[in-house]
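# A look at the structure
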Amino acid sequence: MDIIWKGILGGLLTALIAWLSKRGNTLPGILPLFPTFAIIALLIVGAKGDNAGFREACMAGAKTIPAYLAFLGICYLTVGTFDYRLALLAGVTAWLFIILIAFFGPRWI
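Just so you know, these numbers come straight off a predicted model, no measurement behind them.

Turning our attention to helix α1 (residues 2-21). An α-helical segment advances 3.6 residues per turn. Residues three or four places apart therefore align on the same side. Between its first and last C-alpha, α1 extends 29 Å over 20 residues, near the 28 Å set by a 1.5 Å rise per residue. Regarding α1, the residues found buried are K6, G10, L13 and L20. Taken end-on, α1 shows its buried residues confined to a sector of 95 degrees, consistent with a single buried face. Check the buried side of α1 and you find it contacts α2 (26-30) and α3 (36-46).

Here is the structure:
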């Protein structure tokens, strides 16, 4: 049953983004910053009752911020040159590259 309400929450957020996109471009760009998936993940980790695990999950989420900024930056810079779908693909590629460095880079060095 827990998984159902989490799916409903994600679906409602997606519907809200689609609805807001009809009224402008700023709010749909801001709304994904609401930590829906972070809340779900932290609820799951927090339910285990392990404070250290909860803190570890928070730090892992914080490590993704540079990757998100890289994603947005690459999308912003490439959309004038490429179709928006290719700009998104380039952004996801940049995100993946930064995530790999953030989580595995210290092991490779």
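Another point: a nonpolar patch on the surface. Residues W5, L9, F34, I39 and L43 make up a contiguous nonpolar surface patch of roughly 430 Å² in combined accessible area. Of all the elements in the fold, those that place two or more residues in the nonpolar patch are α1 and α3.

Our focus in this paragraph is the side chain of T78. Its place among the elements puts T78 in helix α5 (residues 65-78). Residue classification places T78 among the buried residues on the basis of a relative accessible area of 14%. Setting aside chain neighbours within four positions, we find T78 in contact with A87 and A90.

A separate point is the environment of A18. Within the element layout of this structure, A18 appears in helix α1. When the C-alpha atoms of A18 and I40 are compared, they prove to be 21 Å apart, with 22 residues separating the residues in sequence.

Cut-offs used in this document
- Residues numbered from 1 in each chain as written.
- Predicted model: local features only at pLDDT ≥ 70, side-chain atom pairs only at ≥ 80, totals over all residues.
- Heavy atoms only, no water.
- Helix = DSSP H or I, 4+ residues; strand = E, 2+ residues; numbered from the N terminus.
- Expected span 1.5 Å × (residues − 1).
- Buried < 20%, exposed > 50% of the residue type's maximum accessible area, 1.4 Å probe, protein only.
- Arc of directions from axis to C-beta.
- Contact = heavy atoms within 4.5 Å.
- Patch = residues over 30% accessible without salt bridge, like charges linked within 9 Å, V, L, I, M, F, W, Y side chains within 5 Å.
- Areas by Shrake-Rupley, 256 points an atom, 1.4 Å probe, with all protein chains shown as cover.
- Salt bridge = Lys/Arg side-chain N within 4 Å of Asp/Glu carboxyl O.

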